[in-house]
Amino acid sequence: MVERTLQTLDTMVGFDTVSSKSNLALIDWAADLLEASGARLRRTFDDTGEKANLLASFGPAAPGGIVLSGHTDVVPVANQNWSTDPFTLTRKGERVQARGTTDMKGFCAAAIAAVTAADLSGLKRPIHVALSYDEEVGCLGVPRLVDDLVANEPLPAVAIVGEPTEMRIVTAHKSANVFETVFEGFAAHSSQSHIGVSATVALARFIEHLRVQFAAFKANPDPSSALEPPYPTFNAGVVTGGTALNIIPSEARMIWEFRTMPDQDPQAMLQDFLAVVDAEIVPEMSNEHATLASRTQCLAMVPALDPANNRSARKAVMALGDYDGDDAVSFGTEAGSFQGAGIETVVCGPGSITIAHQPDESIAIDQLAAATRLVDDVIAAAKA
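Residues numbered from 1 in each chain as written. Predicted model: local features only at pLDDT ≥ 70, side-chain atom pairs only at ≥ 80, totals over all residues. Heavy atoms only, no water.

Colleague: Could you clarify how one ought to interpret the environment of Pro283 in this entry?
Modeller: Checked against the element boundaries, Pro283 lands in helix α6 (residues 266-285). On the accessibility criterion, Pro283 (46% relative accessible area) is partly exposed. Setting aside residues up to four positions removed in sequence, Pro283 forms contacts with Val277 and Asp278. (Helix = DSSP H or I, 4+ residues; strand = E, 2+ residues; numbered from the N terminus. Buried < 20%, exposed > 50% of the residue type's maximum accessible area, 1.4 Å probe, protein only. Contact = heavy atoms within 4.5 Å.)

Colleague: Whenever I open this one, the packing of aromatic side chains confuses me. Can you help?
Modeller: Each aromatic ring pair is specified by the distance between its two centres and by the angle formed by the two planes. In this structure the tally under the stated criterion is eleven aromatic pairs. Look at Phe206 and Trp256: their rings are 5.6 Å apart centre to centre, the planes differ by 85 degrees, and that puts the pair in the edge-to-face class. Note that Phe206 is positioned in helix α5 (residues 199-218) and Trp256 in strand β11 (residues 251-259), a separation of 50 residues in sequence. Each member of the pair, Phe206 as well as Trp256, is classed as buried. In textbook terms, an aromatic cluster arises when at least three aromatic residues are bridged by ring pairs, as seen for Phe179, Phe183, Phe206, Phe214, Phe217, Phe234, Trp256, Phe258 and Phe273. (Phe/Tyr/Trp six-rings, centres within 6.5 Å; stacked < 30°, edge-to-face > 60°.)

Colleague: Can you help me understand unusual backbone geometry in this one?
Modeller: Both trends apply: most residues other than glycine have a negative phi, and most peptide bonds are in trans. Looking along the chain, the bond that leaves Asp103 and enters Met104 is cis, with omega of -15 degrees. Note the cis peptide between Glu228 and Pro229, where omega equals -5 degrees. Along the chain, the position of Pro229 falls in the loop between α5 and β10 (233-241). At Asp134, a position not held by glycine, the phi torsion is positive, near 60 degrees. By the secondary structure assignment, Asp134 is in the loop between β6 (127-132) and α4 (142-152). Positive phi values are uncommon outside glycine, yet Met167 reaches one of about 65 degrees. Classification of Met167 as buried rests on a relative accessible area of 9%.

Colleague: Where do I start with the state of the cysteines in this structure?
Modeller: A covalent bond between the sulfur atoms of two cysteines is what we call a disulfide. All told, the structure shown has zero disulfides when counted by the stated rule. Cys139 provides the cysteine sulfur closest to Cys298, a residue in no disulfide bond, and the two sulfurs are 12 Å apart. The thiol sulfur of Cys348 is not disulfide-bonded, and the nearest other cysteine sulfur, from Cys108, lies at 14 Å. You can call Cys348 buried: its relative accessible area is 0%. (Disulfide = S-S within 2.5 Å.)

Colleague: Could you clarify how one ought to interpret the packing of helix α1 (residues 2-13) against helix α3 (residues 101-117) in this entry?
Modeller: The description of two helices packed together rests on the angle between their axes and the distance between the axes. For the pair α1 and α3, interaxial distance at closest approach is 8 Å and the crossing angle is 125 degrees. As summarised for this structure, α1 and α3 are arranged oblique, according to the angle between their axes. For the pair α1 and α3, the crossing hand works out as right-handed. Taking contact as the criterion, the partners of Arg4, Thr5, Thr8, Leu9, Met12 and Val13 in α1 are, on α3, Thr101, Lys105, Gly106, Cys108, Ala109, Ala110, Ile112, Ala113, Thr116 and Ala117. (Axes fitted to C-alpha atoms, helices over the stretch in contact; angles between N-to-C directions. Parallel < 35°, antiparallel > 145°, perpendicular 65-115°, else oblique. Left-handed = near helix turned anticlockwise from the far one by under 90°.)

Colleague: Quick question: what am I supposed to make of the layout of surface pockets here?
Modeller: Of the voids in this model, the largest pocket is the one considered here, and its volume is about 400 Å³. Surrounding the largest pocket, 20 residues form its lining, Glu135, Glu136, Gly138, Arg259 and Gly332 being those nearest its centre. At the level of elements, β9 (176-184), β11 and β12 (293-302) are the ones that each hand at least two residues to the lining of the largest pocket. Its residues assigned to classes, the lining of the largest pocket shows nine nonpolar, five polar and six charged. Looking at the second largest pocket, it is lined by 16 residues, and the ones nearest its centre are Ala172, Ser225, Leu227, Pro262 and Pro307. (1 Å grid on protein atoms, 1.4 Å probe; cavity = no way out; pocket = protein on both sides within 12 Å on 5 of 7 lines; lining within 4 Å. Points joined across faces, edges and corners; volume = space filled by probe spheres on them. Nonpolar A, V, L, I, M, F, W, Y, C, P; charged D, E, K, R; others polar.)

Colleague: Could you clarify how one ought to interpret the sheet that holds strand β5 (residues 95-97) in this entry?
Modeller: Within a sheet, neighbouring strands are paired by backbone hydrogen bonds and run either parallel or antiparallel to one another. Judged by pairing direction, the sheet is antiparallel, and its three strands sit side by side in the order β4-β5-β15 without closing on themselves. Each edge of the sheet is formed by a strand with only one pairing partner; in this case those strands are β4 (90-92) and β15 (362-364). Adjacent strand axes in the sheet meet at a mean angle of 25 degrees, parallel and antiparallel pairs treated alike. In terms of strand pairing, β5 meets β15 through three bridges, oriented antiparallel. Within the sheet, the bridge partner assigned to Gln97 lies in β15 and is Ser362. (Pairing = 2+ DSSP bridges.)

Colleague: Looking at this model, I keep getting lost on the packing of α5 against α6. Mind explaining?
Modeller: Running from N to C, α5 and α6 point in directions that differ by 140 degrees, and their axes come no closer than 10 Å. Between α5 and α6, the interaxial angle falls into the category oblique. Relative to α6, α5 is oriented so that their crossing is right-handed. Residues Val201, Ala202, Arg205, Phe206, His209, Leu210, Gln213, Phe214 and Phe217 of α5 form the contact with α6, whose own contacting residues are Met269, Asp272, Phe273, Leu274, Val276, Val277, Ile281, Glu284 and Met285. The class makeup of the residues in the contact of α5 with α6 is 13 nonpolar, two polar and three charged.

Colleague: For this particular structure, what's the right way to read the pairing of strand β7 (residues 158-161)?
Modeller: Sheet faces and side chains relate simply in a regular strand, where the side chains alternate between the two faces. Taking every second residue as pointing to the same face, both faces of β7 are buried, with Val158 and Ile160 on one and Ala159 and Val161 on the other. Bridge count for strand β3 (residues 66-71) against β7 is four bridges, and the pairing is parallel. In the sheet register, Ile66 faces β7, and the bridge partner there is Val158. As judged from the four bridges shared by β7 and strand β14 (residues 344-347), these two strands associate in the parallel manner. For Ile160, the partnering residue across the bridge sits in β14 and is Val346.

Structure follows, in structure tokens:
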């Protein structure tokens, strides 16, 4: 059976679905295969119509089904030193190499290969294959897929997100929350600080406020958590501001993120962070000539995966066969979106995250075989 998965993966990696490009050709190809095997298809699109999610549902329209979920986009290969064509599957011993083999077309190929090869006529519970867009740039596509699933199909019982975990069951990860904050001051000659309002100084004050807040989190880690590190974190990823040494900067901006523990509310945390801007930074830096202004835009919010709310999903996957784990990972996934819709969700898929996003990304063939067996076991359980 792994040969069918390899053939499917060979086709999938040939589609250049870097997140900046359309994934429609891959989605159309997958839709044709899945529909020919009896799937009910639903597509949801981004605002441009150039990217799509695909939901392929097999079996009865009944509650209690299982979702096999993966994203179709991949990270760029630009400025990476590949030894082979990144969009051609190349076998090297007991591994195959191409962009997306591990993250995460390998799992998608296993799911498509297994369900299109199986006799699904006897399903007592539905199986849903979910293929999303724009996971790599903030899990932007999956909320539309999940909303459409919940609105048009009876609620599934379990979702398996096939991110690379070396086939271990992962039950926890942090949220990831990405923002752009802009401060607008007032430009003046650098000798006229009583007139000007420095946007870069305002931004620096905000960054220092965040540093202090997250230092307090670090000083109080959760000793019971398997997450690493066991406390919320933030990163000031991109900071820009100013135009010349002798001009007080009128604008400064920062793209930043913070990651929360599964039991924390990122929206409430954000409001606490921003409150200091209105209460302290703006009034203290404004003067009789100009008022400091600030705005913050949300770029992405990836929900956490809460281990307190997927005990039944973990038990269900373990019952399928020789699967184990109650692990926590540092990277984010689409699992929290399914969990937030009331579907118990775990992460379990082939390959290692340490190889994802790297030049010469590859996956062991035995990991693809294991992922294919997992889907076969899902099919068998749905028939029982």
